[in-house]
Each structure stands twice: as structure tokens, then as C-alpha cells.
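Inside the fold
Read off the chains here:
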Amino acid sequence: MSMTVLGPEHGALPDGASVSDDACPAVARLDPALLGALRRAAADAAADGVRFVVNGGWRSRAYQEHLRRRAVAKYGSEQEAARWVTTPDTSAHVQGKAVDVGPAEARAWLSEHGARYGLCRIYRNEPWHYELRPDAVEHGCPPMYADPSHDPRTRR
């Protein structure tokens, strides 16, 4: 039985990937508005001595399904895995509309300053997961869902 390797062309990222890495599909295939906001925030954070790393960005459907299957194995059920990983049909990552940011200092910086760029945490259980909410620039980020299983976008 052969195992398909899901590499960078599917959205896998090397450790320490930069927000400016246009050679990396996980970064380059993010929604242009999200990527622009992320790069503006990263430049301002760098001025404060904080470096952003992209730990997750755009993903192929196959890669998202691979991550979902791994979560089911780890957490023991589809229901528990859904608190952490969505299906390819509902994933904001597959659409290029979500980015996972690290390290902790970058997440703390975004938690404090992200709304001014429209970058908002969506899930309380995932402090690394950010999506673009343009209205946040004027109105602040919307309330977070407890986890992806509470997000109406994931219930198709």
C-alpha cells in the first residue's frame, strides 16, 4: 500500500514560514485581502520586535481531510475531532480565508492589535486561528465561537 505524501503543494508548511513567503502555496494562496492584512500587521509587529510565523494557511481538500482523519484518530470520534478540525467542505483554510499564526508572542500581539487590521480570532479554543473580518477595523472583532463545532459555517 503506497502512502501519498502531502507536501507544500497541498499546503504543508516548513517550520518558521514567513508571511512574505510567496514560494509557499500555503501563504501565496491565501485570500489576497487576508494576506495583505496579515503582512501589514506583521510589518507593524516587527517594529515592536515581534515576528509572525505562519503555521497553517491555505490547504488543499486532500490535506484538510488528512488533518481531519488524524484528529479523529487522536480524539477518538468525529464529534470530538470537529472541535479542532473541520471537513474540507467547510474549512476556511481550504478557501484560503484562515491563517494559523505563531509563536505565542505573535498571537499575543495579534490579540491586542489584530482588530485594527481586521484580523480576528474566531475560536476560543484556537488562539492561533485568525480570519479577516473587515468590519473589525471600526467595530472590533465579533464574539468568538467556543470551537469550530459551534460555528454555523461548519454545519453543512
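Right above here is the structure, for reference.
Bear in mind that the values here come from a model prediction, so they are computed numbers and not experimental data.

Okay, the packing of aromatic side chains next. The tally for this structure, following the rule as stated, stands at four aromatic pairs. Taking the centre distance of 5.9 Å and the plane angle of 65 degrees together, the rings of phenylalanine 52 and tryptophan 109 count as edge-to-face. One end of the pair, phenylalanine 52, is in the loop between helix 2 (32–47) and strand 1 (53–56); the other, tryptophan 109, is in helix 5 (residues 104–113), and 57 residues separate them in sequence. No difference in accessibility class separates phenylalanine 52 from tryptophan 109, as the two residues are buried. Measuring from centroid to centroid gives 6.4 Å for tyrosine 123 and tyrosine 145, while their planes differ by 40 degrees, and the two rings are tilted. With a gap of 22 residues between them, tyrosine 123 in the loop between strand 3 (119–121) and strand 4 (129–132) and tyrosine 145 in the segment after helix 6 (136–139) connect regions that are remote in the sequence. The class of tyrosine 145 is partly exposed, set by a relative accessible area of 30%. One aromatic cluster in this structure is built from Phe52, Trp109 and Tyr117.

Once that is clear, we can look at the pairing of strand 2 (residues 99–102). With burial as the criterion, each face of strand 2 is covered, one bearing Val99 and Val101 and the other bearing Asp100 and Gly102. Summarising the sheet, strand 1 and strand 2 pair through three bridges and their orientation is antiparallel. The residue of strand 2 that forms the bridge with valine 53 is glycine 102. Relative to strand 4, strand 2 is paired through two bridges, and the arrangement is antiparallel.

Every buried residue of helix 5 is accounted for by Ala106, Trp109, Leu110 and His113. Projection of helix 5 onto a plane perpendicular to its axis shows the buried side chains occupying an angular sector of 95 degrees, all on one side. Relative to its buried face, helix 5 has exposed residues pointing more than 90 degrees away, namely Ser111 and Glu112. Lining the buried residues of helix 5 we find helix 2, strand 2, strand 3 and strand 4.

With that out of the way, let us pick up the sheet that holds strand 3. An order of 1-2-4-3 is seen for the four strands of this open sheet, with the pairing classed as antiparallel. Because the sheet does not close on itself, it has two edges, and the strands there are strand 1 and strand 3. On average, each strand axis in the sheet is tilted by 45 degrees relative to the strand beside it, whichever way the strands run. Where helix 5 meets the sheet, its contacts fall on strand 2, strand 3 and strand 4, and the angle it forms with strand 2 comes to roughly 115 degrees.

This model, assessed by the stated rule, comprises one disulfide. The disulfide that involves cysteine 120 links it to cysteine 141, with 2.1 Å between the sulfurs. Residues cysteine 120 and cysteine 141 share a disulfide whose torsion about the S-S bond is about -85 degrees; that sign makes it left-handed. Note that cysteine 120 is positioned in strand 3 and cysteine 141 in the segment after helix 6, a separation of 21 residues in sequence. You can call cysteine 120 buried: its relative accessible area is 0%.

Criteria and cut-off values
Residues numbered from 1 in each chain as written. Predicted model: local features only at pLDDT ≥ 70, side-chain atom pairs only at ≥ 80, totals over all residues. Heavy atoms only, no water. Phe/Tyr/Trp six-rings, centres within 6.5 Å; stacked < 30°, edge-to-face > 60°. Helix = DSSP H or I, 4+ residues; strand = E, 2+ residues; numbered from the N terminus. Buried < 20%, exposed > 50% of the residue type's maximum accessible area, 1.4 Å probe, protein only. Pairing = 2+ DSSP bridges. Arc of directions from axis to C-beta. Contact = heavy atoms within 4.5 Å. Axes fitted to C-alpha atoms, helices over the stretch in contact; angles between N-to-C directions. Disulfide = S-S within 2.5 Å.

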